[in-house]
Every structure is written in C-alpha cells, then in structure tokens.
Amino acid sequence: MSDKILVLGSNGQIGTELVTALRSGYGSDNVVACDIRRPDYEIKNAGPFEFVNVLDKEILKAVFEKYKPTQVYLLAALLSATGEQNPKLAWDLNMNGLLNVLDLALVYKTAKVYWPSSIAVFGPNSPKVNTPQFCTMDPNTVYGISKLAGERWCEYYHQKYGLDVRSIRYPGLISWKAAPGGGTTDYAVHIFHEALKKGSYSSFLSAETELPMMYMDDAIRGTIQLMDAPAENLSIRSSYNFAGVSFTPEVLAAEIKKHIPDFKLTYSENDPRQEIADSWPKSIDDSYANKEWGWKPDFDLAKMTADMLMNLKK
Ligand code: AKB
C-alpha cells in the first residue's frame with residue numbers, strides 16, 4: 001500500500017516547505033495539504049488541498065475517512081507571542097487539536113503521527129546552556145505549557161495505545177519562503193527582509209539575547225529523517241531536543257554586515273517577547289537525536305545568512 005499523508009496546518013512557515021518536500025518524496029497526489037486558510041498558488045496547484053479546522057471534529061474525521069492517511073503531520077498551532085495575547089485560544093488549539101488528531105489516528109490506524117514541540121517547553125529554571133533532553137521544565141508561556149502537556153500526551157498515546165507518534169522540539173526557524181507566525185524568534189527572519197529593504201532593523205530582543213535557531217532546510221530534512229527512522233531506534237516518544245545554531249541579534253547583524261556593510265541594527269525596549277526569550281535556553285544538547293536517528297545540522301550561521309540573502313534578493 002502506498003503512503004497517504006495529511007499535513008494539517010499546511011500554510012504556515014513549516015507546512016509550506018514540508019508539503020513541497022513530502023510531495024517530491026511521496027508524489028504530489030499522496031500528500032494532502034490542509035489548512036483553515038486558502039493555500040498559496042504553488043501548494044494548491046501542485047496537489048490536493050482540503051479546508052480543515054483541527055478543532056472541528058466532524059470535518060477532521062471526514063478527511064481521515066476520505067484519505068485513510070498512513071502518516072499525519074499536525075502543524076496547526078498558536079506560537080509563543082500570539083499565544084500570550086490569546087491564552088485560552090492557544091490552549092484550545094494546541095491541546096484539543098492534538099487530542100482530536102491522536103484519537104482519529106487510533107481509529108483509522110494511522111501508521112505514524114508527527115507533532116512539533118518547541119524549545120518553549122523549557123523555562124526559567126531549566127539549564128540555559130546545552131539544555132539537556134531531561135531536566136527541570138517550568139515553561140511560563142501558554143504556548144510552552146501546551147507544548148509540554150502535548151509531549152506528555154504523545155508519550156501517553158505511545159505507551160498506552162502503541163501509537164507511533166514522533167516529535168521534535170524546534171528552535172526558532174529561519175526561512176525565506178513563508179513568514180513566521182507570531183513567535184519570539186521571529187526577529188531572526190524579519191531582520192533579513194528589513195536589511196535588504198531598508199538597510200536597517202530595530203530588534204525587539206536585546207543585543208545579547210542568545211537563542212537556539214535553525215535554518216528551515218535543516219528543519220525539514222531533520223523532520224523527515226525522524227519520520228523515516230526505524231521505530232526500534234527511537235527511545236523518546238515525548239519530543240527530541242534538536243539543535244542547529246545559536247546566536248544573538250548582535251552576532252547575526254555582524255554576519256549580515258559581511259554582505260551589506262552599511263546595515264544598522266538598533267533595539268526597541270520593553271517588548272513583552274524579551275521576557276519570553278529570557279526564559280528559554282541559549283543552546284540545546286541534541287545528543288539523543290544524533291545517536292538515535294543520525295541528526296546533524298548542515299547550516300551554520302555563515303551558510304544560513306548567505307543563503308537567506310541570496311534567496312530573498314531573488
Ligand atoms: C516561537 O518563537 O514561539 C517559536 C518557537 C521557538 O517555538 N518560533
């Protein structure tokens with residue numbers, strides 16, 4: 001039987017690129033993009049699309065019934081900054097969306113489910129440098145709380161019901177194809193657009209705020225690598241630590257200046273996202289991902305910066 005894949009939340013920053021990558025591996029007709037919003041032209045015309053709200057159980061069930069997916073990627077979520085503006089909606093979407101999908105995956109015997117977690121599961125009392133897979137986790141954003149609870153549910157469905165659910169704790173993701181959707185790490189995408197457009201950028205995070213980040217090419221490759229890994233190699237069914245590069249706004253600006261020498265970075269003060277960033281790790285220890293499914297990032301800061309600027313200029 002050939003694979004049939006549902007990508008729920010296909011229009012977001014990750015979904016836009018994941019759908020394209022999955023379609024090139026599994027064939028366009030076998031990857032169904034699903035979102036509450038109209039898809040962009042490229043995705044709509046390259047393969048099947050369905051309007052799906054993951055909180056609408058009837059519509060979600062109808063899509064499972066129609067396609068009988070062998071794999072489901074659930075990407076629909078509210079991120080850290082937007083989540084703080086609407087905590088109840090963030091909890092509802094991030095938690096009940098996940099439970100709806102896990103339940104239907106059991107009913108329809110979906111072979112594998114993918115659900116993204118985040119570095120937001122860590123909090124002020126987690127170790128900041130090389131944050132380990134297992135440590136104190138006291139997230140203080142609704143997004144982080146929902147991701148940590150979601151991780152526990154994923155592990156629970158695996159242990160109790162044998163569901164093959166896999167997950168990664170994404171760092172901030174940097175990409176040029178689709179905009180990020182309301183996170184604390186978004187400055188690291190905006191900065192590239194503004195550097196090219198205006199030659200300057202005002203960062204909402206302070207000069208020395210170091211955060212774990214990753215280029216989208218690495219994130220997509222790692223996600224598919226985890227989903228392709230033999231189940232018996234995977235000891236973690238909550239979510240894997242996953243590292244790319246770590247940098248501060250100041251260090252990123254210095255790298256951009258190598259391409260745009262007149263680029264100027266300034267800083268805005270009193271942004272609520274600063275407090276969120278201060279509660280997150282600076283860098284991540286991803287040795288479980290490395291040992292169990294061979295994870296190794298390909299893009300360092302210099303390579304990522306050059307690739308971003310080259311593609312955005314086009
Ligand atoms: C956010 O900033 O909320 C996200 C994340 C790190 O999960 N990019």
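Above this text sits the structure in question.
Throughout what follows, the structure given in this document is the object of discussion.

Scoring rules and cut-offs
Residues numbered from 1 in each chain as written. Predicted model: local features only at pLDDT ≥ 70, side-chain atom pairs only at ≥ 80, totals over all residues. Heavy atoms only, no water. Helix = DSSP H or I, 4+ residues; strand = E, 2+ residues; numbered from the N terminus. Buried < 20%, exposed > 50% of the residue type's maximum accessible area, 1.4 Å probe, protein only. Pairing = 2+ DSSP bridges. Contact = heavy atoms within 4.5 Å. Axes fitted to C-alpha atoms, helices over the stretch in contact; angles between N-to-C directions. Near = heavy atom within 4 Å. Polar contact = N/O pair within 3.5 Å; in protein donor to acceptor, adjacent residues only side chain to side chain. Areas by Shrake-Rupley, 256 points an atom, 1.4 Å probe, with all protein chains shown as cover. Nonpolar A, V, L, I, M, F, W, Y, C, P; charged D, E, K, R; others polar. Domains from an automatic or database assignment.

A short note on unusual backbone geometry
Right, so step 1: Despite not being glycine, lysine 68 has its phi angle at roughly 45°, a positive value.
Right, so step 2: Mapped onto the elements of the fold, lysine 68 is located in the loop between helix H3 (57–67) and strand E4 (71–74).
Right, so step 3: On the accessibility criterion, lysine 68 (44% relative accessible area) is partly exposed.
Right, so step 4: The residue asparagine 270 is not glycine, and still its phi comes out positive at about 60°.
Right, so step 5: Summarising the element assignment, asparagine 270 is placed in the loop between strand E14 (264–267) and helix H10 (272–278).

What about the sheet that holds strand E2 (residues 31–35)?
Right, so step 1: Strand order in the open sheet formed by six strands is E3-E2-E1-E4-E5-E7, and the pairing between neighbours is parallel. Either end of the sheet is taken by a strand with one partner, and the two such strands are strand E3 (49–51) and strand E7 (165–166).
Right, so step 2: The pairing of strand E1 (residues 5–8) with E2 spans four bridges and is parallel. Within E2, the position partnered with isoleucine 5 by the bridge is valine 31.
Right, so step 3: Relative to the sheet, helix H1 (residues 13–26) contacts E1, E2 and E4, its axis offset from that of E2 by approximately 165°.

Observations concerning the site of the ligand
Right, so step 1: Around the ligand, the surrounding shell consists of Leu79, Ser80, Ser118, Ile119, Tyr143, Gly183, Thr184, Thr185 and Trp280.
Right, so step 2: Separating an oxygen atom of the ligand from a side-chain N or O atom of serine 80 is a distance of 2.5 Å.
Right, so step 3: In the environment of the ligand, an oxygen atom lies 2.7 Å from a nitrogen or oxygen atom belonging to the backbone of threonine 184.
Right, so step 4: Taken by itself the ligand offers 250 Å² of open surface, and the protein chains cover 94% of this.
Right, so step 5: Residue classes in the shell around the ligand are distributed as four nonpolar, five polar and no charged.
Right, so step 6: Formed jointly, the shell around the ligand draws a minimum of three residues from each of two domains, domain 1 (5–171 + 215–241) and domain 2 (175–213 + 244–313).

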